[in-house]
Amino acid sequence: MTSRPPRATISDVAKAAGTGKTSVSRYLNGEQQLLSPALKARIEQAISELNYRPSQMARSLKRGRTRLIGLIIADITNAYSVEVMCGIEAACRDYGFTLLMCNTNNEVALEQYYIQLLSSYQVEGLIINAVGMREEELNQLLQSRLPMTLIDRKIDDFGCNVIGLKNHEASQQVTRHLAGNGFKSLLFLSEPVASVNTRRERLEAFRQTVAEYPDISGENAEICLNQTDKLRECLRDFTRRHASQHCAIIAANGSMTLQVVKALRDEGLECGKDIGLAGFDEMSWSALAGPGITTLRQPTHQIGYSALQSVISMIKQTDTTPSDQFFSGELVVRGSSHPL
């Protein structure tokens, strides 16, 4: 088997061009005005013939700038995460940064591992969709003074920029929409709330909004996405107890919405006919499922783009005061929430 030829080095280029490494470095670093036209031509020809590719990492470290941004995502299978990442990546291209992405799969241990890993790569900033960091790791991050922005999920008592959705406003909007369409019994379904502030804020706003309507009852359930039997049992119980009333479900995110649609189908219930449904996050299939699913669309691209801008502002000015930036969502009304 033919072995791969060794990768050309800056010394190889200098030898081929009949000059020293200093001259080649000047050529590569944009200081070509210090070189004669003939020398520039020889260096350019040597680089082409040797197919020389300088190590961007080595050059960046030498300048003290890696132009790397670390991104830690809680769940890459979630469409929300993918769309936010696209916004971050677009901003990285516009501002001249390279993105390093890690997926924690909602595991705290992986979150800690990736934070340490990305720090070892000397990223200039971090964007984190947090799972749940412990106090020790939080203190280490604060002491490192690494510019960092959180997406979607806050961390209690942790001074850091946060970019996300106006959760209270969004949940209020969805709840009032269903109430206005005559639904009298509402069920708010989410994954376990625990310390995830987005789920907590949406649930609290749901409860507060339901309290504005004396003739409407509201309840909630926390179910893991893989607990399909428990979800079906919950839906059976809810529809049985409120069989004589118009009832509807609010799903706290896109993944839960999909599980609810599947469970309703398995139970022989049709959205928009037998029961109402509205969910957070616009999904690619939202308009295709049955009569179409009413969703609360988040400005995911804008959230991601703004997160990178937030980190850049901290890179440029390290003594900035932590701030939050939250965006309004858009209610996309479809057949699943029409009056029954």
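Residues numbered from 1 in each chain as written. Predicted model: local features only at pLDDT ≥ 70, side-chain atom pairs only at ≥ 80, totals over all residues. Heavy atoms only, no water.

Going by the annotation in an unreviewed UniProt entry, the name recorded for the protein is 2-ketogluconate utilization repressor, with Tatumella ptyseos ATCC 33301 given as the source organism.

Q: Now, about the overall build of the protein: what can you tell me, with residues and values included?
A: Helix and strand counts for the protein come out as 12 helices and 12 strands. Against the 2.2 N^0.38 benchmark of 20 Å for 340 residues, the protein shows a C-alpha radius of gyration of 26 Å, more extended than a compact globule. Projecting the C-alpha coordinates of the protein onto the three principal axes gives extents of approximately 90 × 45 × 35 Å. Expressed as a percentage of the 340 residues in the protein, the buried residues total 47%. Of the contacts made within the protein by residues no fewer than 6 positions apart, 71% connect residues no fewer than 24 positions apart. By element, 48% of the accessible surface of the protein is carried by carbon and sulfur atoms, the whole surface being about 17,000 Å². Here the protein contributes 36 positively and 37 negatively charged side chains, and the mean placements of these two sets differ by 9 Å. (Helix = DSSP H or I, 4+ residues; strand = E, 2+ residues; numbered from the N terminus. Rg over C-alpha atoms; globule rule 2.2 N^0.38 Å. Buried < 20%, exposed > 50% of the residue type's maximum accessible area, 1.4 Å probe, protein only. Contact = heavy atoms within 4.5 Å. Areas by Shrake-Rupley, 256 points an atom, 1.4 Å probe, with all protein chains shown as cover. Lys, Arg positive; Asp, Glu negative; His and termini not counted. Charge placed at Lys NZ, Arg CZ, Asp CG, Glu CD.)

Q: Describe in detail the sheet that holds strand S11 (residues 324-327), supporting the description with residues and values.
A: Taken together, the six strands give an open sheet; going across it, the order is S2-S1-S3-S4-S5-S11, and neighbouring strands pair in parallel fashion. The two strands at the open ends of the sheet, each matched to only one other strand, are strand S2 (98-103) and S11. Strand-to-strand twist in this sheet, taken as the mean axis angle between neighbours without regard to direction, amounts to 15°. Pairing of strand S3 (residues 125-128) with strand S4 (residues 148-151), which is carried by three bridges, proceeds in the parallel orientation. Along S4, the bridge assignment pairs Leu126 with Met148. (Pairing = 2+ DSSP bridges. Axes fitted to C-alpha atoms, helices over the stretch in contact; angles between N-to-C directions.)

Q: A description of helix H11 (residues 254-266) should follow, citing residues and the corresponding values.
A: The terminal C-alpha atoms of H11, which comprises 13 residues, lie 19 Å apart, in line with the 18 Å expected from a rise of 1.5 Å per residue. Residues of H11 that are buried: Gly254, Ser255, Met256, Thr257, Gln259, Val260, Val261, Ala263 and Leu264. On its buried face, H11 sits against strand S6 (185-190), helix H10 (228-241), strand S8 (247-251) and strand S9 (276-280). Its side-chain oxygen placed 3.2 Å from the backbone nitrogen of Ser255, Asn253 serves as the N-cap of H11. (Expected span 1.5 Å × (residues − 1). Polar contact = N/O pair within 3.5 Å; in protein donor to acceptor, adjacent residues only side chain to side chain.)

Q: Tell me about the pattern of salt bridges, and please be specific about residues and values.
A: Close approach of charged atoms allows side chains of opposite charge to pair. Inspection of every chain in the model, using the stated rule, returns 12 salt bridges. A salt bridge links Arg232 to Glu267; the shortest N-O distance between them is 2.8 Å. Pair noted here: Arg232 is in helix H10 and Glu267 is in the loop between H11 and S9, with a separation of 35 residues, a long-range link. Note on Arg232: relative accessible area 27%, which makes it partly exposed. Given a relative accessible area of 21%, Glu267 falls into the partly exposed group. One salt bridge in this structure joins Asp237 and Arg241, with 2.9 Å as the shortest N-O distance. (Salt bridge = Lys/Arg side-chain N within 4 Å of Asp/Glu carboxyl O.)

Q: Kindly report on the sheet that holds S9, identifying the contributing residues and their values.
A: Read across the open sheet, the six strands follow the order S7-S6-S8-S9-S10-S12; overall the sheet is mixed. Because the sheet does not close on itself, it has two edges, and the strands there are strand S7 (217-222) and strand S12 (330-332). Put simply, the sheet's adjacent strands are angled 20° from each other on average, direction ignored. Two strands pair when backbone bridges link them, and S9 and strand S10 (residues 294-297) are joined in this way by three bridges, in the parallel orientation. Bridging across to S10, Gly279 finds its partner in Thr295.

Q: I'd like a description of the pairing of S7, backed by residues and values.
A: Direction of pairing for S6 relative to S7: parallel, over a ladder of six bridges. Following the sheet pairing, Leu189 is matched in S7 by Ala221. In this view, the connection linking S6 to its parallel neighbour S7 by way of helix H9 (residues 197-210) has right-handed handedness. (Right-handed = clockwise from strand over helix to strand, strands pointing away.)

Q: I'd like to hear about the packing of aromatic side chains, residue by residue, with values.
A: Under the definition given, this model contains three aromatic pairs. Positioned above the aromatic ring of Phe97 is the side chain of Arg67, whose terminal nitrogen or guanidinium carbon lies 4.0 Å from the ring centre. (Phe/Tyr/Trp six-rings, centres within 6.5 Å; stacked < 30°, edge-to-face > 60°. Lys NZ or Arg CZ within 6 Å of the ring centre and 35° of its normal.)

Q: Describe the nonpolar core, listing the residues and the values that go with them.
A: Side chains of a nonpolar character, in soluble globular proteins, are inclined to be buried together. Formed by 23 residues in total, the largest nonpolar core has its most connected members in Leu187, Leu189, Leu235, Ile249 and Val260. Sort the elements by how many residues they give to this core and H11 lands first, with five residues. Not counting residues within four places of it along the chain, the set of residues in contact with Leu189 comprises Ala221, Ile223, Leu231, Cys234, Leu235, Ile249, Ile250, Ala251, Ala252, Met256 and Val260. In terms of nonpolar packing, the next biggest core, distinct from the first, is built from 22 residues, Ile73, Tyr80, Cys92 and Ile151 among them. (Core = buried A, V, L, I, M, F, W, Y, C linked by side-chain atoms within 4.5 Å.)

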